[in-house]
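These are the residues of each chain, in order.
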Amino acid sequence: MSSSNPQWGGRFRLASADILQRINASIDIDRKLWRQDIEGSRAHARMLARTGVLSEADAAAIEEGLAEIEAEIEGGRFSFETALEDIHMNIEARLAERIGEPGRRLHTGRSRNDQVATDFRLWVRDAIDRIDAALAAAMRALADRALEHAADPMPGLTHLQTAQPVTLGHHLLAYVEMLGRDRGRFADARARLNESPLGAAALAGTAFPIDREMTAGALGFARPCANSIDAVSSRDFALEFLAASAICAVHLSRFAEEIVIWCSAPFRFVRLSDAYTTGSSIMPQKRNPDAAELVRAKPGRIAGALMGLLMVVKGLPLAYAKDLQEDKPPVFEAADALELALAATEGMVRDFVPDLSRLRAAAGDGYSTATDLADWLVRALELPFRTAHHVTGRIVARAEGMGVALADLPLAEMQREEPRITQAVFEVLSVEASIASRNSHGGTAPARVREQAMRWREALA
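Residues numbered from 1 in each chain as written. Predicted model: local features only at pLDDT ≥ 70, side-chain atom pairs only at ≥ 80, totals over all residues. Heavy atoms only, no water.

Caption draft 1: Summary view of the packing of aromatic side chains. Going through the model one piece at a time under the given rule, you end up with seven aromatic pairs. Consider the rings of Phe 120 and Phe 332, whose centres lie 6.3 Å apart with planes at 90°: the pair is edge-to-face. Highlighted residues: Phe 120 in helix H7 (residues 112-148) and Phe 332 in helix H13 (residues 328-351), separated in sequence by 212 residues. Like Phe 332, Phe 120 is buried. One aromatic cluster in this structure is built from Phe 120, Trp 123, Phe 237 and Phe 332. Above the ring of Phe 221, the side-chain terminus of Arg 125 is found at 5.0 Å from the ring centroid. Between Arg 145 and the ring centre of Phe 352, over which it is positioned, the NZ or CZ distance is 4.5 Å. (Phe/Tyr/Trp six-rings, centres within 6.5 Å; stacked < 30°, edge-to-face > 60°. Helix = DSSP H or I, 4+ residues; strand = E, 2+ residues; numbered from the N terminus. Buried < 20%, exposed > 50% of the residue type's maximum accessible area, 1.4 Å probe, protein only. Lys NZ or Arg CZ within 6 Å of the ring centre and 35° of its normal.)

Caption draft 2: Quick look at the pairing of strand S1 (residues 153-158). Pairing of S1 with strand S2 (residues 161-167) involves six bridges; the strand directions are antiparallel. Across the sheet, the residue bridging to Pro 153 is Thr 167, located in S2. (Pairing = 2+ DSSP bridges.)

Caption draft 3: Structural detail: the packing of helix H12 (residues 290-313) against H13. One can describe the packing of H12 onto H13 by two numbers: an axis separation of 9 Å at closest approach and a directional angle of 155°. Taken as axis vectors, H12 and H13 run roughly antiparallel relative to one another. Our pair here, H12 against H13, has a crossing hand that is left-handed. Each of Ala 291, Ala 292, Val 295, Lys 298, Arg 301, Ile 302, Ala 305 and Leu 309 in H12 lies in contact with H13, whose residues at this interface are Pro 330, Val 331, Glu 333, Ala 334, Ala 337, Leu 338, Ala 341, Ala 344, Thr 345 and Met 348. (Axes fitted to C-alpha atoms, helices over the stretch in contact; angles between N-to-C directions. Parallel < 35°, antiparallel > 145°, perpendicular 65-115°, else oblique. Left-handed = near helix turned anticlockwise from the far one by under 90°. Contact = heavy atoms within 4.5 Å.)

Caption draft 4: Summary view of a nonpolar patch on the surface. Residues Ile 19, Leu 20 and Ile 23 make up a contiguous nonpolar surface patch of roughly 310 Å² in combined accessible area. With respect to the helices, strands and loops of the structure, Leu 20 is situated in helix H1 (residues 18-24). On the basis of relative accessibility, which here comes to 42%, the residue Leu 20 falls in the partly exposed class. (Patch = residues over 30% accessible without salt bridge, like charges linked within 9 Å, V, L, I, M, F, W, Y side chains within 5 Å. Areas by Shrake-Rupley, 256 points an atom, 1.4 Å probe, with all protein chains shown as cover. Salt bridge = Lys/Arg side-chain N within 4 Å of Asp/Glu carboxyl O.)

Caption draft 5: Just the pattern of salt bridges, in detail. The tally for this structure, following the rule as stated, stands at 39 salt bridges. The salt bridge involving Arg 192 is made with Glu 240; its shortest N-O contact spans 2.5 Å. Linking Arg 192 in helix H8 (residues 168-193) with Glu 240 in helix H11 (residues 236-263), this pair joins segments that are 48 residues apart in sequence. Note on Glu 240: relative accessible area 23%, which makes it partly exposed. Across the pair Glu 413 and Arg 416 runs a salt bridge, and its minimum N-O distance is 3.5 Å. Salt bridges linked by common partners bring Glu 68, Glu 72, Arg 94, Glu 97 and Arg 98 together as one network.

Caption draft 6: Local environment of the environment of Thr 345. Within the fold, Thr 345 resides in helix H13. Assessed through its relative accessible area of 2%, Thr 345 is described here as buried. Sequence separation between Thr 345 and Glu 85 is 260 residues, and the spatial gap between their C-alpha atoms is 38 Å. Filtering out sequence-adjacent residues up to four positions away, Thr 345 remains in contact with Leu 252, Phe 255 and Val 295.

Caption draft 7: Quick peek at the nonpolar core. Counting 91 residues, the largest nonpolar core has Val 124, Phe 186, Phe 241, Val 331 and Leu 338 as its most contacted members. Take this core: its biggest share by element is 16 residues, from H11. The next biggest cluster of nonpolar side chains, apart from the first, holds 21 residues, and it includes Tyr 367, Ala 370, Ala 388 and Ile 395. (Core = buried A, V, L, I, M, F, W, Y, C linked by side-chain atoms within 4.5 Å.)

Caption draft 8: Quick peek at the side chain of Arg 235. Among the structural elements, Arg 235 can be located in the loop between helix H10 (228-233) and H11. With relative accessibility at 3%, the residue Arg 235 sits in the buried group.

Caption draft 9: Highlighting the environment of Arg 185. Its place among the elements puts Arg 185 in helix H8. Given the relative accessible area of 27%, Arg 185 is considered partly exposed. C-alpha separation for the pair Arg 185 and Ala 216, spaced 31 residues apart in sequence, amounts to 23 Å. Beyond its immediate chain neighbours, meaning those up to four positions away, Arg 185 contacts Met 178, Ala 244, Ile 247 and His 251.

Caption draft 10: Up close: the packing of H7 against H8. Where H7 meets H8, the axes come as close as 9 Å, and the angle between the chain directions of the two elements is 165°. What the angle tells us is that H7 and H8 run roughly antiparallel. With respect to the hand of their crossing, H7 and H8 are arranged in left-handed fashion.

Caption draft 11: How the structure looks around helix H5 (residues 87-99). Between its first and last C-alpha atoms H5 spans 18 Å; for 13 residues at 1.5 Å apiece the expected length is 18 Å, and the two agree. Listed as buried for H5 are Ile 87, His 88, Met 89, Asn 90, Ile 91, Glu 92, Ala 93, Leu 95 and Ala 96. The secondary structure elements touched by the buried residues of H5 are helix H2 (27-30), helix H3 (34-50), helix H4 (56-74), helix H6 (101-105) and H7. For H5, the capping residue at the N-terminal end is Asp 86, with a side-chain oxygen 3.1 Å from the backbone nitrogen of His 88. (Expected span 1.5 Å × (residues − 1). Polar contact = N/O pair within 3.5 Å; in protein donor to acceptor, adjacent residues only side chain to side chain.)

Caption draft 12: Representation of unusual backbone geometry in the model. Note that the residue after Leu 318, namely Ala 319, is joined by a cis bond; omega there is 10°. Tracing the chain through its elements places Ala 319 in the loop between H12 and H13. For Ala 201, which is not a glycine, the phi torsion comes out positive at approximately 60°. Mapped onto the elements, Ala 201 comes out in the loop between strand S3 (195-196) and helix H9 (212-218). Phi is positive for Arg 268, close to 50°, though the residue is something other than glycine. Tracing the backbone shows Arg 268 in the loop between H11 and strand S5 (270-271).

Remember, this is a structural readout, not a statement about activity or role.
In structure tokens form, the structure reads like this:
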């Protein structure tokens, strides 16, 4: 058994069991918070000096010591000690080594409880800012490709069956809309987490004359947390971050699945370059869309992280409990996974080359302009839509029986189902006519697609 922790061991006579040290230590995980920890300590020291709790000389020594520790960590010269449990004690102990007594005064008016809650909120806020930038980059890539292919037909599918012709640009813009909502969810999460726990201390606040507004402002928070118990015990900001991450990852996974399908031999709608594909160790002809497949897999980790943290916090009484030490691994892992997936998605969007002739041919397969025929019957012959639907279904059955496309079915065959059909019907049965007719707001008509692509490009500039 080793000696008790020098930061809290005054109450304890016996040393901690080795297994307790191993399960209790979090330094291998929370060392990622070192920048936020130093930033929070700087703000706390300056506030203590401003309020007279610390002397200016002590505050200056603390500032200097923290700058030296920052340089040590950045330079890889800092020794992280498992016996000191976490990043907070590692930095505080090193500060006391470097500057002596002033370093031991830094913890006045705060606890590790509010310290870690502050550090964690700062880290999640930084992660949201990185993810927001990555989302914007992926959206710009999609909008650029959408503008490029605003008029290029492809099959629009429901149930993975041919439904109606759309344009490739219109299809890509659907993902821009999804990712735009993801940005909104992250922005909402950021606004709600942007309150400072610093100064809540262990759970009840502190008797020292601290200025929580000052530290909140120095750290870029909108305000201090209003309740000291809530400040140290709540992790809903982390759950909300994970929920937004999981939804975003699912959106990326849907796009990735389509890339996998489109790259497959039966479809061959698009081709990814060597930069985003891999080969096989045994089949030399293979070109595997591994980047897309790995993006498709990421929601498993990210949604799992959300479920894991929900289970950690679901039964915790107020205020702080050591269970909350388990809050950071899922968040760190999810953030890393999502940032990777976003970068890979942006890369694939800019990389893929569509086979426009194959997409055009597939857009006309499966009697995809049948709805256009039904609409024509409503407009030209004033049939009720449900009646037009049934008539069209019978005409499609005739075309299918003859093995021809709707546009190639003789007029006489159509007139056997509805005698009033005229030659004018063929004006609406081409893929291009179908696409051009969908001119409603949000529709697939090339003019609408260009408008939306330009709107997004301007918004994301």
